[in-house]
Structure formats: structure tokens, C-alpha cells
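Single-letter residue listing:
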Amino acid sequence: MCDEDLMEHFQAGTVEAFNILVDRYSERLMHYLFSFLGDKKRCEDLLQETFLRVYRNRHSYQRIAKFSTWLYTIAGNLARSEYRKRKRRRMYSIQSVNRDNEEYEMAIPDETFSPDKHAESTLQDKYIQDALDQIPPNFREVVVLRDIQQLAYDEIAEITGLPMGTVKSRINRGRTKLQGLLRDIYPFILEAHEEVEPF
């Protein structure tokens, strides 16, 4: 059943439909929030708050919008608000955002677990997260939405409220900054990503 059908069932009173949506999106949203903020504990709180808002505002959702766009808009607004609060509370280096969560990783079941491959993958994830922490949040958000969450450009534009041209420009600039940060330690990162078409 597609997301939009599930939302219709949920709006009609079927709570199980909401539970399916939570299961479907929890890991992806957690990864998105963590890539944006780099704080596991706070991201868990924001994930709960996102789904709480979905629950409370279920009747404001209209099927003319993709459910995923609506959901990421809620999560993105919460993440941006949290980022602004942190900036107001104390000034600190973006590079330090992830220091308390260096060993954090998403649990992905792997039947063919190899300690060597696992260690290499964890190290690569840390390099990528550290690099993401160092680029400005307006670039970080769109790069995460496009290259990690695999959302379409028009969806990103709707989630962020930015014009399409700005979205594409920020993705290009964000990728360039990441490539510069990662070139020495992880030279092949982002090579597989497609080039943004000219606009």
C-alpha cells in the first residue's frame, strides 16, 4: 500500500496505518536528522516530535502532496529550528557537533558480516559525517536530501521552500565542498553521483 493510501486510512481512524508509516520512515528520517544535526539523542527526540506532529495534524494532510514531501518538510523545519536554537545558545565549531557520537551508526542487518569490511565502512561513515558537519547547513541539508535520502529535485524544492535553481546550485556547491574535504582521505566519494543538469 502506498504512503498516500496509508494516510487516508489513518485519517479515517486506522491507527495501524500510522504505525506502518512510522516503521517505513523511522530509519530514513533518523539518518536525515543525524546528517543534519549530528546529535543522536536530540535526533531521537526530533524523530518522535516529527511523528507526533504527523499524528496530531493528520487531517491537515491532503493527497495532492506526496506524503514523503509533507513528512520531510515537518522534520526539516524541526531540524532547522533546533540548529538555530543551538547557534543562539552557544557559539561552537561545526566540526565539534559530532564528537560525542563518533561511534554512532545505523544498524543494518548483514548476513555476510566481515569485521574488516565493517570497520572500513564505519570509518568511511565517520569521514563523511565529519565532512558534512563542516559544510554550511544550507548546503548540508540539500546534499543529504538528494544524495543520501535520494529525493527528487522538485521534492527538495518543496521541502525547503527554495526555488529549483537555488536547490540545484546549493547541491552543486555542497558537493564541491564535500569533495574538497574528502579528496585526501576518501578520493572516490561522490564520484558516482550524477552531475546536476544546467539550469
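In case you missed it, the structure is sitting above this.
Heads up: these notes are all about the structure in this document. (Residues numbered from 1 in each chain as written. Predicted model: local features only at pLDDT ≥ 70, side-chain atom pairs only at ≥ 80, totals over all residues. Heavy atoms only, no water.)

**So, the overall build of the protein**
Helix and strand counts for the protein come out as eight helices and zero strands. Relative to its full complement of 199 residues, the protein shows a buried share of 41%. For the protein, long-range pairs separated by at least 24 residues make up 66% of all intrachain contacts whose partners lie at least 6 apart in sequence. Carbon and sulfur atoms make up 50% of the accessible area of the protein, which totals about 11400 Å². (Helix = DSSP H or I, 4+ residues; strand = E, 2+ residues; numbered from the N terminus. Buried < 20%, exposed > 50% of the residue type's maximum accessible area, 1.4 Å probe, protein only. Contact = heavy atoms within 4.5 Å. Areas by Shrake-Rupley, 256 points an atom, 1.4 Å probe, with all protein chains shown as cover.)

**A word on the environment of Asn-57**
Residue placement: Asn-57 occurs in the loop between helix H3 (40–56) and helix H4 (67–89). Taking the C-alpha atoms as reference, Asn-57 lies 9.6 Å from Gln-11; in sequence the two are 46 residues apart.

**A closer look at the pattern of salt bridges**
All told, the structure shown has ten salt bridges when counted by the stated rule. When the shortest N-O distance is used, the salt bridge between Arg-63 and Asp-5 registers 2.7 Å. Residue Arg-63 is located in the loop between H3 and H4, and its partner Asp-5 is located in helix H1 (residues 3–11); the two are separated by 58 residues in the primary sequence. Take Asp-5: its relative accessible area is 27%, and that puts it in the partly exposed class. Residue Lys-66 pairs with Glu-155 through a salt bridge whose shortest N-O separation is 3.4 Å. Linking Lys-66 in the loop between H3 and H4 with Glu-155 in helix H7 (residues 153–160), this pair joins segments that are 89 residues apart in sequence. (Salt bridge = Lys/Arg side-chain N within 4 Å of Asp/Glu carboxyl O.)

**Side note on the packing of aromatic side chains**
By the definition in use, this model includes nine aromatic pairs. Between Phe-18 and Phe-51, the ring centres sit 6.4 Å apart and the planes meet at 80 degrees, which makes this aromatic pair edge-to-face. Taken as a pair, Phe-18 in helix H2 (residues 15–37) and Phe-51 in helix H3 lie far apart in primary sequence, 33 residues in all. Residue Phe-18 shares its accessibility class with Phe-51, and that shared class is buried. With 6.2 Å between their ring centres and 50 degrees between their planes, Phe-67 and Trp-70 make a pair best called tilted. With Phe-67 and Trp-70 both in helix H4, this residue pair falls three residues apart, about one helical turn. Classification of Trp-70 as buried rests on a relative accessible area of 18%. The ring of Tyr-25 has Arg-28 lying over it, and the distance from NZ or CZ to the ring centre is 4.3 Å. (Phe/Tyr/Trp six-rings, centres within 6.5 Å; stacked < 30°, edge-to-face > 60°. Lys NZ or Arg CZ within 6 Å of the ring centre and 35° of its normal.)

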